[in-house]
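Now for the letters of each chain:
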Amino acid sequence: MTDAYVAVEGDRIIEARARAPGETRGELVFTTAYTGYEESLTDPSYEEQILTFSYPLIGNYGVREERFESDRVQPNGVVARELTDDVAEWLESEGVPAVDHLDTRDIVTEIRDEGAMKCGIAAGPDATEEAALEQLHQCKHMSEHRDIGAQVSVAEHTVYNEDGDGVSVALVDCGAKGSIIDSLVERDAVVHVLPYDASEADVAAVDPDLLFISNGPGDPENFEAAGEVVDTYVGELPIAGICLGQQVVASALGGETEKMEFGHRGVNQPVRDLRTDQVVMTTQNHGYTVAEPGENLEVTQVNVNDDTPEGLENDDLEIITRQYHPEANPGPHDSLGFFDDVLDLAEN
Ligand SMILES: NC(=O)CC[C@H](N)C(=O)O
């Protein structure tokens, strides 16, 4: 039954079945992850995007809060070949429109050929093609969401593991996944989560041993305050970054970022460490990349599929960043050692 319409660039309409009603719009992206839908759907880096699952059945092991990466569903809409009732009910209760019973292979092929694209969805008994098109026409480019950090960051300074004995971390929350905080707390770090627009003074007030820039949605160029903090503390404090964090650090150090055609989203992205020649499997979710690392950062890891930078380092300045997600959730645990490495930097 057609009670949902997905409109994509070129005003093409794809008919579907409504699984959670409503109208929405966003950048249409896909993930190839075959597990971890709860983690992906609560990953703040999906803000302002519509997430298509290429794996055909999503929801077959239920919905459990302990696997959430934040306190809400983050993508603006969800597209799948088949969503279970558990997931559909969860999305409906969160007010996030979702559709299934459409050919997701076709959508993924189109995104791979044409790049990530704008999308509008209308789903439910009153849905019309016109409503989906109207949503599409109102959809902005990701880089136009200039204050996207405000949509995902903590409102105020929040401390985790206050009585811990380990390293004191200032984590600039550009939309941090909960597992990044958990990975630091498990290693007994005291984690000061600061808003995405924290100033130099806000970081100084925490007196940290390590500055950490989190993952986050949208264009890294829209996270100017985080870049300024990096610029201030480079050489003064060890600095770490994950995903958007790598991009912000590279920009702050004179590098450049660019939008990729359709990005990397999945849990089996191979990454080669250029120092050891070892390959690890990684979890990824990004649509931008570092195009130029700048003079002060060495590319230490690359993506085996397309050679894009996956790790940037400077031993003297004590900087380590990763484009992928060492915290996993979902995905392989091969690179959890990243957290030991960055905390070691701060201890020495
Ligand atoms: N997971 C992330 O931090 C994503 C970073 C950035 N928003 C990108 O799309 O590249």
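Definitions and limits used
- Residues numbered from 1 in each chain as written.
- Predicted model: local features only at pLDDT ≥ 70, side-chain atom pairs only at ≥ 80, totals over all residues.
- Heavy atoms only, no water.
- Phe/Tyr/Trp six-rings, centres within 6.5 Å; stacked < 30°, edge-to-face > 60°.
- Buried < 20%, exposed > 50% of the residue type's maximum accessible area, 1.4 Å probe, protein only.
- Lys NZ or Arg CZ within 6 Å of the ring centre and 35° of its normal.
- Near = heavy atom within 4 Å.
- Polar contact = N/O pair within 3.5 Å; in protein donor to acceptor, adjacent residues only side chain to side chain.
- Areas by Shrake-Rupley, 256 points an atom, 1.4 Å probe, with all protein chains shown as cover.
- Helix = DSSP H or I, 4+ residues; strand = E, 2+ residues; numbered from the N terminus.
- Nonpolar A, V, L, I, M, F, W, Y, C, P; charged D, E, K, R; others polar.
- UniProt positions renumbered as here; feature names shortened; annotations may be inferred.
- Contact = heavy atoms within 4.5 Å.

## As for the packing of aromatic side chains
One pass over the full model with this rule turns up seven aromatic pairs. A centroid spacing of 5.3 Å and a plane angle of 80° characterise the contact between Phe338 and Phe339, whose relative ring orientation is edge-to-face. Given a relative accessible area of 4%, Phe338 falls into the buried group. You can call Phe339 buried: its relative accessible area is 0%. A network of ring pairs unites the aromatic residues Phe212, Phe338 and Phe339 as a single cluster. The positively charged end of Lys259 is found above the aromatic ring belonging to Tyr288, 5.0 Å away from the centroid.

## Let's talk about the site of the ligand
Around the ligand, the surrounding shell holds 13 residues, and the nearest of these are Gly216, Gly218, Asn285, Gly287 and Tyr288. Gln247 has a polar side-chain atom sitting 3.0 Å from an oxygen atom of the ligand. Here the ligand loses 98% of its free accessible area of 290 Å² to cover by the protein chains. Where the shell around the ligand is concerned, the elements lending two or more residues are helix H9 (244–252) and strand E16 (279–292). Take the shell around the ligand: its biggest share by element is four residues, from E16. Partitioned by chemical class, the residues of the shell around the ligand number four nonpolar, nine polar and no charged.

## A few points about the UniProt feature "active site" (unreviewed entry) in the protein
Those places that UniProt annotates as "active site" (unreviewed entry) correspond, in this numbering, to Cys243, His325 and Glu327. For this annotated set, covering 85 residues, all C-alpha atoms fall within 11.1 Å of each other, a compact arrangement in space. Tracing the chain through its elements places Cys243 in the loop between strand E14 (239–242) and H9. A relative accessible area of 2% places Cys243 in the buried class. Tracing the backbone shows Glu327 in the loop between strand E19 (319–322) and helix H10 (337–347). Residue class for Glu327 comes out buried when judged on its relative accessible area of 2%. Ignoring any residue separated from it by four or fewer positions in sequence, one finds Glu327 in contact with Lys177, Ser179, Ile180, Ser183, Ile242, Leu336 and Phe339. Polar contacts involving the side chain of Glu327 include one to the side chain of Lys177, which spans 3.1 Å.

## Some words on the UniProt feature "binding site: L-glutamine" (unreviewed entry) in the protein
Sequence positions flagged by UniProt for "binding site: L-glutamine" (unreviewed entry) are, in local numbering, Ser45, Gly216, Gly218, Leu244, Gln247, Asn285, Gly287 and Tyr288. Of the residues just listed, which span 244 residues, no C-alpha pair is farther apart than 13.4 Å, and they cluster in one region. On the basis of relative accessibility, which here comes to 12%, the residue Gly218 falls in the buried class. Excluding its chain neighbours within four sequence positions, the residues that come into contact with Gly218 are Met142, Ile148, Leu244 and Tyr288. By relative accessible area, which is 7% here, Tyr288 ends up buried.

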